[in-house]
Amino acid sequence: MTVNVIVKLVDVLGDSILKYNVLELVHPLSSLLSIIQSTTAVSCVTALNQILSKLTPWRFKRQQEIWKILKSTNTVDHIVCGLQDFLLGTKSLEYFQEMASLLSTILWRWPSSRYSVWSNGTLLEGLGDTSLKHNSSVKVTILQLYSAIALCGNGTTKLLENGEAPLLMMVQCMGNSHPYSVRIEAFKLVQCLVRSEKSCLALMRLYGKSIVKAILNTMHDWSLCSGKVATNEVALLVEACRLALITRWAGDHHFYFWKFGVHQIILDLLLSNFHKSKQNQHFFFLKELLNTARKGLDANCLLILRPYIWDILGWLAIHFAEDYNPQMHEVKHYLDLLNACACLACVDSIHKGRQVLQNDLLYTSKHEPALRAVLLMVYSPCKYIASQTRHVLSELLIPNEEDLEYLLDALRSTTSKDKFFVSDNHQIVINLMGLACYSCLPICQNIIIKNEGIEVLHSVIRWCCNNQVHIRRSSIASHLYHTSEETICCWTHNDDWEGADILLFFSLWVLSELIPNLSFARNHKEVTSAWVVDVLVLEKFEIQMLMDKLLEICSDTSSPGPKWFATYILSYFGIYGFPSGLGRRIAKALDETELADMKLIPANGEPQNVHTAIIIARCPSLLPPNDLPLNERTDDECAARKCPENFSGNFRRKIRLSSHVDFQALTKLLAFVYSGFTEVGNDLVKNLKLLARRCNVQLLSDMLSKRRPKWGNPFPCYDLTPLLPSGHYFSDIVLEAKVTEVAKSTCNVCSLLLPHVHAHKVILWSSCDYLRALFQSGMQESQSQTIKVPVGWEALVKLVNWFYLDELPKSSLCCLFHNMDVDQQINELEPYIELYWLAEFWFLEEVQKSSLGVVISCLSSNRHLSVKVIQIAANLSLWKMAEAAASYLAPLYPQLRNSGELESLDEELVDLVRSSHVRLSQEGVSDKLE
């Protein structure tokens, strides 16, 4: 009776229930979930679900307190047990639906709750089977529960790998035989599963054809009906269009989109059933084409879908097959009209931008997708789409110095500010994208340059880098925002190509269009446009500043798009390649002779001492086929090779190169192989391009040819890890880990029993001052073929990965880690603690910094973990790490002291925690006074 009263009370009070102390209700209600009497349990679940669903995300403290209660009463475990009881037939359908609904609510709000659900494979499969046997309301409940599970990246992986029944049910529920409510939840679930490119492609391999067909059928069904569209149908259309944004990633699903007529369907959504009256019409005049597009757009049909349609169109264009001929596939007139619609919307956005307030998010959200679609179409691999888009733009964007001056002045004003305000970003993005549209037209490029466009863009780039301006597209395009993004966990963030550097990206995009039109005082007079500026626009020191900033972007920016455009622009300054930390370290070995084991002997120059391991990893075509591992050999022999001959001395082999190999081109190629980039004069470009092509160094060949970056390509990394699986073939050193109880050798190359790695001295020599000094010392250790590394096997594997990839594998701070006990968490962190200790006397600053970062990022998960870490760090005299752990314990010091949890620590460490607590308290008082 009491529970029933609570249900009525919560229902009557509604949202105002949060004004009262709901914690007093949450605890008893959650405690009764395991009660045997189903009717009482159902009432408890109903009341608890109503309370939790009313919680607002900004009441973070209250949410934390409620989660502590739910965790202490084992609420999630009781719900899972109840659901399994239903699957066994011992509970009612009403009980199941209420329990599943409450579980969804909890999973959406508290990421820590998800592990015990997605790790239960029996439950996941059972839910899928159940949904196939019951009515629509049950399907909706189960689909919502799956969506909540998929908020966790590990949960998504589990569903994709082992969830045959759930995935089959999901695909079936997308069909038009199901009610709108079921289909909407099915579309939402697919959206959760395709949050990253990896998971999207995995799902497309399984059900790509069926999913694309369901998307387009839903979008097409609207055109078959007439009259006003119902609210629930609009909601379904929105979810279908949102899911169609999987076109952002290249893959086989693009084939199905075109096969099932995406061009006709999105045109019908834009122009209200265009195909019914205009299906066979071809436009012979651009004016007629633009008039038809304008008339259709002015009808304002389904405006809520337009941002999605522009995005879909842009993604389809940028991933269009290069050899696809629209005229042969009867889609030309559809593409022409879509192109005209996008260009009209784009030009309207540019012209109306001057009339809009800077912080008008509604304007930005409405017009940014159209601008973006046109820019993607301009750079489509399909030559017809690209040329047609430029042609239409050239008719609509009549060169107007006043408009261009306004855009440039607005950007000047932004970069002159001392501080950056988030509200500024909306207008800056539109201004940059508008400038990008102008810059793709040759007739406008000269105007931009004459109005100091290069200097303005250089200022914007410096401003973005110096002020750490990071903006994601989802913050300015509201149709991409979803509340689930705030509570996802265990996902590797998968941004668009520009990542969190959208302003930097478009600044570089525009600059990449203008730079080829300049003549520089670096003997690089080769340009790709007829609109050449004969005067030196940038002073010499400004050119150097720009080059330094571009090199900085290549190394320090995480987003691949800006890095690609920075390297592309640098190629016009004679710098070709991809600067990296590992490349800079390996470059030291280019002039090193002690460890070199090969001579390349050109016909017209000095012999070049090189290292077989570096060559085989970076440019294997320089080596004769017999020197390659089996998996690297090909039947085609590079023109640069001849058979090796015996060579006496320190070198195991020498290779005489063909007389066609230019000596200067060879030295530049080797510089690229070792460092990842090279500086080349214009007089040498032709020979180096020929050599790079013959040696299959495609990246360098493309850059020398001034090919624009292909949208979506990952930024090349300097990777020597291919040497490791067959490292013994060129290995001259063994790294041996210290003995542990669980360590076992799995080497199938040698008979060493201890865990070890076959490595290469030249790579270790390049990256570690300690090892370089050891190899050059002349002592007995320098001649040894084995180095005993005083860390465990797991730490050694991570260290070797850093030597060969410049990346320290990081512990995933996900729900797996949070659900470990303290001892298991320490086992996860121990390799990083060992590496931090080793890095101190091996002088590996980057390894030390990265290791400390991993440990610190994990300390907040468990206060008992901090107690363990501070003790281990003190034992190893790692006082910086001990101080970091103490800072995490500082807020809890009084509680830890009273509970006796600090008794295991030495008095010195307790004092360290106490001092951190005092310092934290003083800072708090100071903040209040301020």
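Residues numbered from 1 in each chain as written. Predicted model: local features only at pLDDT ≥ 70, side-chain atom pairs only at ≥ 80, totals over all residues. Heavy atoms only, no water.

S.K.: Just give me the short version of the overall build of the protein chain, but keep the residues and values in it.
M.R.: Of the regular secondary structure elements, the protein chain holds 45 helices and nine strands. Burial statistics for the protein chain: of 930 residues in total, 55% are counted as buried. (Helix = DSSP H or I, 4+ residues; strand = E, 2+ residues; numbered from the N terminus. Buried < 20%, exposed > 50% of the residue type's maximum accessible area, 1.4 Å probe, protein only.)

S.K.: Go over the packing of aromatic side chains, please, and point to the residues and values.
M.R.: Within the structure shown, the criterion is met by 26 aromatic pairs. Each ring, one from W509 and one from F565, has its centre 5.7 Å from the other, and the planes form 20 degrees; the classification is stacked. Pair noted here: W509 is in helix 27 (residues 502–514) and F565 is in helix 29 (residues 560–570), with a separation of 56 residues, a long-range link. Residues Y770 and W842 carry aromatic rings whose centres are separated by 5.4 Å and whose planes lie at 20 degrees to one another, so their mutual orientation is stacked. Of the two residues, Y770 sits in helix 36 (residues 769–776) while W842 sits in helix 40 (residues 822–842), which places them 72 residues apart along the sequence. Overall, the relative accessible area of 33% leaves Y770 in the partly exposed class. Cation over ring: K91 sits above Y95, and NZ or CZ is 5.0 Å from the ring centre. One Lys or Arg, K761, reaches over the ring of F775 and ends 5.4 Å from the middle of that ring. (Phe/Tyr/Trp six-rings, centres within 6.5 Å; stacked < 30°, edge-to-face > 60°. Lys NZ or Arg CZ within 6 Å of the ring centre and 35° of its normal.)

S.K.: I'd like a rundown of the nonpolar core, residues and numbers included.
M.R.: Core analysis: the largest hydrophobic core is formed by 312 residues, its most contacted members being L203, I211, M219, W310, L503 and F803. Ranked by residue count, the leading element in this core is helix 20 (residues 332–352), at 13 residues. Contact partners of I211, with chain neighbours within four places excluded, come to V171, M174, V190, L203, M204 and L243. (Core = buried A, V, L, I, M, F, W, Y, C linked by side-chain atoms within 4.5 Å. Contact = heavy atoms within 4.5 Å.)

S.K.: I'd love a proper account of the side chain of D311, names of residues and values included.
M.R.: Within the secondary structure, D311 sits in helix 19 (residues 306–318). Judged by relative accessible area, which is 2%, D311 ranks as buried. Other than its neighbours up to four places away in sequence, D311 contacts L245, P369, R372, R473, H479 and L480.

S.K.: Just give me the short version of unusual backbone geometry, but keep the residues and values in it.
M.R.: Not every positive phi belongs to a glycine, and N74 is a case in point at roughly 55 degrees. With a relative accessible area of 39%, N74 lands in the partly exposed category.

S.K.: Outline the pairing of strand 2 (residues 598–601), supporting the account with residue identities and numerical values.
M.R.: Burial of strand 2 is two-sided: the residues M598 and L600 facing one way and the residues K599 and I601 facing the other way are all buried. Pairing of strand 2 with strand 3 (residues 608–610), which is carried by three bridges, proceeds in the antiparallel orientation. Each residue of the ladder has a partner; that of M598, found in strand 3, is V610. Taking the residues between adjacent antiparallel strands as the criterion, strand 2 and strand 3 are bridged by six residues. Relative to strand 5 (residues 653–656), strand 2 is paired through four bridges, and the arrangement is parallel. Each bridged residue has a counterpart across the sheet, and for I601 the counterpart in strand 5 is R656. (Pairing = 2+ DSSP bridges.)

S.K.: Residues and numbers for the packing of helix 16 (residues 262–271) against helix 20, please.
M.R.: Helix 20 packs onto helix 16 with a crossing angle of 40 degrees between their chain directions and a minimal axis gap of 10 Å. In terms of axis orientation, helix 16 runs oblique to helix 20. The hand of the helix 16/helix 20 crossing is left-handed. Note on element contacts: helix 20 touches helix 16 through Y334, L337, L338 and C341, opposite H263, Q264, I266, L267, L270 and L271. Class assignment for the residues of the contact of helix 16 with helix 20 results in eight nonpolar, two polar and no charged. (Axes fitted to C-alpha atoms, helices over the stretch in contact; angles between N-to-C directions. Parallel < 35°, antiparallel > 145°, perpendicular 65-115°, else oblique. Left-handed = near helix turned anticlockwise from the far one by under 90°. Nonpolar A, V, L, I, M, F, W, Y, C, P; charged D, E, K, R; others polar.)

S.K.: Which residues make up the environment of L669, and what values go with them?
M.R.: Summarising the element assignment, L669 is placed in helix 32 (residues 663–675). Taking the relative accessible area as the measure of exposure, L669 reaches 0% and is therefore buried. As a C-alpha pair, L669 and L688 span 19 residues in sequence and 7.1 Å in three-dimensional space. Apart from the residues within four sequence positions on either side, L669 is in contact with L622, L688, L691, C695, V697 and L700.

S.K.: Account for the state of the cysteines, with residues named and values stated.
M.R.: Applying the stated criterion across every chain, the model contains zero disulfides. Not engaged in a disulfide, the cysteine C437 finds its nearest cysteine sulfur in C346; these two sulfurs lie 3.5 Å apart. (Disulfide = S-S within 2.5 Å.)

S.K.: Got a sec to walk through helix 5 (residues 75–87)? Specific residues and values, please.
M.R.: Over its 13 residues, helix 5 runs 19 Å from end to end, which matches the ideal 18 Å to within 8%, given 1.5 Å per residue. All of the buried residues along helix 5 are T75, V76, I79, V80, G82, L83 and F86. Within helix 5, the buried residues cover an arc of 160 degrees as seen down the axis, which keeps them to one side. Where helix 5 is buried, its residues touch helix 2 (23–31), helix 4 (60–72), helix 6 (93–109), helix 7 (115–118), helix 8 (121–131) and helix 9 (136–149). In the stretch just after helix 5, G89 is the one whose phi turns positive, near 90 degrees. (Expected span 1.5 Å × (residues − 1). Arc of directions from axis to C-beta.)

S.K.: Hey, could you go over the sheet that holds strand 9 (residues 786–789) for me, with residue numbers and the actual values?
M.R.: Backbone-to-backbone hydrogen bonds pair the strands of a sheet. The strands run either parallel or antiparallel. With mixed pairing, three strands are arranged side by side in an open sheet as 8-7-9. Edge positions in the sheet fall to strand 8 (756–759) and strand 9, since each of these pairs with one other strand and no more. Across the sheet, the axes of successive neighbouring strands diverge by a mean angle of 25 degrees, strand direction being ignored. Summarising the sheet, strand 7 (residues 733–737) and strand 8 pair through four bridges and their orientation is antiparallel. Bridged to I733 within strand 8 is A759.

S.K.: Mind laying out the confidence of the model for the protein chain, listing which residues take part and the relevant values?
M.R.: Residues at a pLDDT of 70 or more form 88% of the protein chain, whose mean pLDDT is 85. Contacts from residues 521–535, a stretch scored under 50 in pLDDT, to residues over four places away or in other chains number 31 contacts. Within the model, the stretch residues 925–930 combines pLDDT values under 50 with zero contacts to residues more than four positions away or in other chains. (pLDDT = per-residue confidence, 0-100.)

S.K.: Explain the pattern of salt bridges to me, and be specific about the residues and the numbers.
M.R.: Taken as a whole and assessed by the stated rule, the structure comprises 23 salt bridges. Note that D409 and R412 form a salt bridge whose closest N and O atoms lie 2.5 Å from each other. Taken as a pair, D409 and R412 lie in helix 23 (residues 401–415) at a separation of three residues, close to a single helical turn. Linking R914 and E907 is a salt bridge whose minimum nitrogen-to-oxygen distance equals 3.8 Å. Overlapping salt bridges bring together R248, D311, E368, R372, R473, D496 and E498 as one network. (Salt bridge = Lys/Arg side-chain N within 4 Å of Asp/Glu carboxyl O.)

S.K.: Run through helix 1 (residues 2–13), naming residues and quoting values.
M.R.: The terminal C-alpha atoms of helix 1 lie 16 Å apart, and with twelve residues this matches the ideal 16 Å at 1.5 Å per residue to within 8%. In this structure, the buried side of helix 1 is in contact with helix 2 and helix 3 (38–53). G14, located one to two residues past helix 1, shows a positive phi value of around 60 degrees.

S.K.: Break down the packing of helix 41 (residues 845–859) against helix 42 (residues 863–875) for me, citing the residues and quoting the values.
M.R.: Each packed pair of helices is defined by two parameters, the angle between the axes and the distance between the axes. Between helix 41 and helix 42, the shortest axis-to-axis distance is 9 Å and the interhelical angle comes to 145 degrees. Here V855, C858 and L859 of helix 41 lie close against helix 42, whose contacting residues are L865, S866 and V869. Class assignment for the residues of the contact of helix 41 with helix 42 results in five nonpolar, one polar and no charged.

S.K.: Mind laying out the environment of N682, listing which residues take part and the relevant values?
M.R.: Relative to the elements of secondary structure, N682 occurs in the loop between strand 6 (677–679) and helix 33 (685–694). Expressed as a C-alpha distance, the spacing of N682 and G574, which sit 108 residues apart in the sequence, is 7.3 Å.

S.K.: Please set out the side chain of R242 residue by residue, giving values where relevant.
M.R.: Looking at the element boundaries, R242 is found in helix 14 (residues 231–243). You can call R242 buried: its relative accessible area is 18%. Once you skip the residues sitting within four places of it in the chain, R242 turns out to touch Q191, Y308, H479, L480, Y481 and H482.

S.K.: I'd love a proper account of the environment of T105, names of residues and values included.
M.R.: Within the element layout of this structure, T105 appears in helix 6. Distance in space between the C-alpha atoms of T105 and L48 is 9.9 Å, their sequence separation being 57 residues.

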